[in-house]
Amino acid sequence: MVHVLSSRTLLQPSDPERSRTFYGEQLGLAVYREFGTGPQRGTVYFLGGGFLEVSGRSQTPPSPAVRLWLQVEDAAAAHEELRAKGVEIVRPPVTEPWGLIEMWIADPDGTRIVLVEVPADHPIRYRPGI
């Protein structure tokens, strides 16, 4: 078995500076670390229990199969804040049949990001008997 000590999602955007502006300023992710210099430098952001690294440059669009799942405290508040910052809202918050409140946004390259609010009474938060 592989013993994983740490992990992160790697994105190679078409325009690294535009993506750093999106993730750092518009989305408001805190920086874990930066490396390198100039426009090709890498930035690693905190993602709750994980990390997101934006580094390098890609000439091809991202696969639509790649998506980010981010849990937020309040989806409605996140919606208002991100809309005010000019973030593309793909779909406003909706309570899904499975009980989670989800909204969808997209980064500058079109990578889909779901922001998920877990209601207080949802089984993800509490499981009787455990």
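Numbers given to residues run from 1 along each chain, matching the order in which its sequence is written. In keeping with the model being predicted, local features are shown solely for residues with a pLDDT of at least 70 and side-chain atom pairs are shown and tallied solely at 80 or more, while totals for entire chains, interfaces and linings include all residues. Heavy atoms from the whole structure form the basis of all side-chain values; hydrogens and water molecules are not counted.

(A) Region of the structure containing the packing of aromatic side chains. Ring pairs are drawn from Phe, Tyr and Trp, using the six-membered ring of Trp, whenever the two centres fall within 6.5 Å, and their geometry is named by plane angle: stacked under 30 degrees, edge-to-face over 60, tilted for the rest. By the definition in use, this model includes five aromatic pairs. Taking 6.3 Å as the distance between ring centres and 35° as the angle between the ring planes, the aromatic pair formed by Tyr 23 and Tyr 45 counts as tilted. With Tyr 23 in helix H1 (residues 16-26) and Tyr 45 in strand S3 (residues 42-47), this pair connects stretches of sequence that are 22 residues apart. Of the two residues, Tyr 23 and Tyr 45, both sit in the buried class. Taking 4.4 Å as the distance between ring centres and 45° as the angle between the ring planes, the aromatic pair formed by Tyr 32 and Phe 51 counts as tilted. Here Tyr 32 is found in strand S2 (residues 31-35), whereas its partner Phe 51 is found in strand S4 (residues 50-54), with 19 residues between them in sequence. Numbering of helices and strands runs from the N terminus, with a helix taken as a DSSP run of H or I at least four residues long and a strand as a DSSP run of E at least two residues long. Burial classes follow relative accessibility: with a 1.4 Å probe on protein chains only, a residue under 20% of its type's maximum area counts as buried, one over 50% as exposed, and anything between as partly exposed.

(B) Quick look at the sheet that holds strand S8 (residues 112-117). Strand order in the open sheet formed by four strands is S5-S8-S7-S6, with mixed pairing between adjacent strands. The strands lining the two open edges of the sheet, one partner per strand, are strand S5 (67-71) and strand S6 (89-95). Ignoring strand direction, the axes of neighbouring strands in this sheet form an average angle of 15°. Two strands are said to pair when DSSP picks up at least two bridges between them. Two strands pair when backbone bridges link them, and S6 and strand S7 (residues 101-106) are joined in this way by four bridges, in the antiparallel orientation. Within the sheet, the bridge partner assigned to Ile 89 lies in S7 and is Ile 105. Each axis is a line fitted through C-alpha atoms, and for a helix only the stretch in contact is used; angles between axes span 0 to 180 degrees, taken between their N-to-C directions.

(C) Highlighting the environment of Ala 65. Secondary-structure assignment places Ala 65 in the loop between S4 and S5. Residue Ala 65 is classed as exposed on the basis of its relative accessible area of 69%. Sequence spacing of Ala 65 and Thr 111 is 46 residues, and the spatial spacing of their C-alpha atoms is 8.9 Å.

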